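# Secondary and tertiary structure notes
So the chains spell out like this:
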Amino acid sequence: MKALVVLDRVNKHFGELHVLKDISATVGRGEVVVVVGPSGSGKSTLCRTINRLETIDSGTITIDGEPLPAEGSELARLRSDVGMVFQSFNLFAHKTVLQNVTLGQTVVRRRSTREATERAMELLERVGVADQAAKMPVQLSGGQQQRVAIARALAMDPKIMLFDEPTSALDPEMIAEVLDVMVGLAEEGMTMVVVTHEMGFARRAADRVLFMADGEIVEEAAPDSFFTNPTTPRAKDFLSKVLAH
């Protein structure tokens, strides 16, 4: 499997706090890597360094063989290849659902309005909210908004999708509708890095689970072996707490 994302000895501090400690990891093309671990372990920071929403202090990150650019138009181009879905949806409140999904396509990908609209409707259909296209985000449930956010990211035809706790702001009944869309993407071969507390999703969709604690990758394994036979005390302790409920 060809590597699409490579992190090599990545370090990141927030002031005195060392949040990523010498992280080295690879994400293969078409692979779904799920990052789990206790709060404050560095999972979201790791996810956000991959499209440079967080800068790093040392080490290197390459995407598709190219090092992450520092800023400017190169960084914008890279970000359009890396779809990102946040826990807080981040939709444009003053634009309709359809406009949210066409905007990046016309501005960054330079598609015609007709082309962008066709692609947007196709994706809104795919995530199950095509009938909401004319509404404003505020008129949608959290689950619907998050599905629009996924469609918006997919509209850019990204090489990889990053999900930073995409269901943590949702009510329980809405979590499943978002996870179902993500499982569908995984089955279609989309390269994905997913930070989540949803262990069922990790079991079902991950090719590999990275377990983080205190800014380090403590364990990495296929989901079956991670969930049934974790090898480190930290992972055993974590799983005993999260799987007990």
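All values reported here derive from a predicted model rather than from experimental measurement.

With the rule as written, the count across this model stands at 19 salt bridges. When the shortest N-O distance is used, the salt bridge between Asp-64 and Lys-2 registers 3.9 Å. In this pair, Asp-64 sits in the loop between β4 (58-63) and β5 (66-67) while Lys-2 sits in the segment before β1 (3-14), placing the two residues 62 residues apart along the sequence. Across the salt bridge formed by Lys-241 and Asp-237, the nearest N and O atoms sit 2.8 Å from each other. Of this pair, Lys-241 and Asp-237 are both found in helix α9 (residues 233-242), four residues apart, which corresponds to roughly one turn of the helix. Taken together, the salt bridges that share partners define one network made up of Lys-2, Arg-29, Asp-64, Asp-81, Arg-109 and Lys-159.

Remark: the empty space left among the atoms is shown by a probe the size of a water molecule rolled over them. Evaluation of the coordinates by the stated rule reveals one cavity of 30 Å³ or more. Lining the largest cavity are Leu-7, Ala-25, Val-27, Val-33, Val-35, Leu-46, Ile-50, Val-193 and Leu-210. For the lining of the largest cavity, the secondary-structure elements that each account for two or more residues are β2 (17-28) and β3 (32-36). Looking at the lining of the largest cavity residue by residue, the classes come out as nine nonpolar, no polar and no charged.

Attention now goes to the packing of helix α4 (residues 113-126) against helix α5 (residues 142-154). Relative to each other, α4 and α5 sit at 140 degrees, their axes nearing to 9 Å. Looking at the two axes, α4 sits oblique to α5. α5 is crossed by α4, and the crossing has right-handed handedness. Only Val-148, Ala-151 and Leu-154 of α5 make contact with α4, whose side of the interface consists of Arg-119, Leu-123, Leu-124 and Arg-126. For the contact of α4 with α5, the residue count by class is five nonpolar, no polar and two charged.

Tracing the backbone shows Ser-41 in the loop between β3 and α1 (43-49). For Ser-41, a relative accessible area of 1% puts it in the buried group. Polar contacts involving the side chain of Ser-41 include one to the main-chain carbonyl oxygen of Pro-38, which spans 2.7 Å. In this structure, Ser-41 is in contact with Val-19, Met-212, Ala-213, Asp-214, Gly-215 and Glu-216, ignoring residues within four places of it in sequence.

The next subject is the sheet that holds strand β6 (residues 82-85). Taken in spatial order, the six strands make up an open sheet running β6-β7-β8-β3-β9-β10, and their pairing is mixed. In this open sheet, the two edge strands, each paired with only one partner strand, are β6 and β10 (216-221). For this sheet the average axis-to-axis angle between neighbouring strands, irrespective of direction, equals 20 degrees. Against the sheet, α5 touches β6 and β7 (160-164), its axis set at about 170 degrees to β6.

Right, let's talk about the nonpolar core for a bit. A general trend in soluble globular proteins is that nonpolar side chains are found buried together. Formed by 52 residues in total, the largest nonpolar core has its most connected members in Ile-150, Met-161 and Met-192. If near-sequence neighbours (up to four positions away) are discounted, Met-161 is found in contact with Gly-83, Val-85, Ile-150, Ala-153, Leu-154, Leu-185, Met-190, Thr-191, Met-192 and Val-193. Grouped together as the second largest cluster of nonpolar side chains are 27 residues, Ala-25, Val-27, Leu-46 and Ile-160 included.

Turning our eyes to something else, we now look at the UniProt feature "domain: ABC transporter" (unreviewed entry) in the protein chain. UniProt tags residues 5-239 as "domain: ABC transporter" (unreviewed entry). Secondary structure within residues 5-239 divides into 38% helix and 26% strand; the distance between the first and last C-alpha atoms comes to 27 Å.

Spanning 14 residues, α4 covers 20 Å between terminal C-alpha atoms, matching the ideal 20 Å at 1.5 Å per step. Along α4, the residues that are buried comprise Ala-116, Arg-119, Ala-120, Leu-123 and Leu-124. Seen along its axis, α4 keeps its buried residues to an arc of 135 degrees; they face one direction. Facing away from the buried surface of α4 by more than 90 degrees, the exposed residues are Arg-114 and Glu-125.

With that settled, the discussion passes to the packing of α5 against helix α6 (residues 172-187). Helix-helix packing is characterised by the crossing angle of the two axes and by the distance between the axes. The geometry of α5 relative to α6 is characterised by a closest axis approach of 8 Å and an angle of 20 degrees between their N-to-C directions. One element, α5, and the other, α6, form an angle in the roughly parallel class. In this structure, α5 crosses over α6, and the sense of that crossing is right-handed. Here α5 contributes Gly-142, Gly-143, Gln-144, Gln-146, Arg-147, Ile-150 and Leu-154 to the contact with α6, which in turn contributes Met-174, Glu-177, Val-178, Val-181, Met-182 and Leu-185. When grouped by side-chain class, the residues that make up the contact of α5 with α6 number seven nonpolar, four polar and two charged.

Criteria and thresholds
- Residues numbered from 1 in each chain as written.
- Predicted model: local features only at pLDDT ≥ 70, side-chain atom pairs only at ≥ 80, totals over all residues.
- Heavy atoms only, no water.
- Salt bridge = Lys/Arg side-chain N within 4 Å of Asp/Glu carboxyl O.
- Helix = DSSP H or I, 4+ residues; strand = E, 2+ residues; numbered from the N terminus.
- 1 Å grid on protein atoms, 1.4 Å probe; cavity = no way out; pocket = protein on both sides within 12 Å on 5 of 7 lines; lining within 4 Å.
- Points joined across faces, edges and corners; volume = space filled by probe spheres on them.
- Nonpolar A, V, L, I, M, F, W, Y, C, P; charged D, E, K, R; others polar.
- Axes fitted to C-alpha atoms, helices over the stretch in contact; angles between N-to-C directions.
- Parallel < 35°, antiparallel > 145°, perpendicular 65-115°, else oblique.
- Left-handed = near helix turned anticlockwise from the far one by under 90°.
- Contact = heavy atoms within 4.5 Å.
- Buried < 20%, exposed > 50% of the residue type's maximum accessible area, 1.4 Å probe, protein only.
- Polar contact = N/O pair within 3.5 Å; in protein donor to acceptor, adjacent residues only side chain to side chain.
- Pairing = 2+ DSSP bridges.
- Core = buried A, V, L, I, M, F, W, Y, C linked by side-chain atoms within 4.5 Å.
- UniProt positions renumbered as here; feature names shortened; annotations may be inferred.
- Expected span 1.5 Å × (residues − 1).
- Arc of directions from axis to C-beta.

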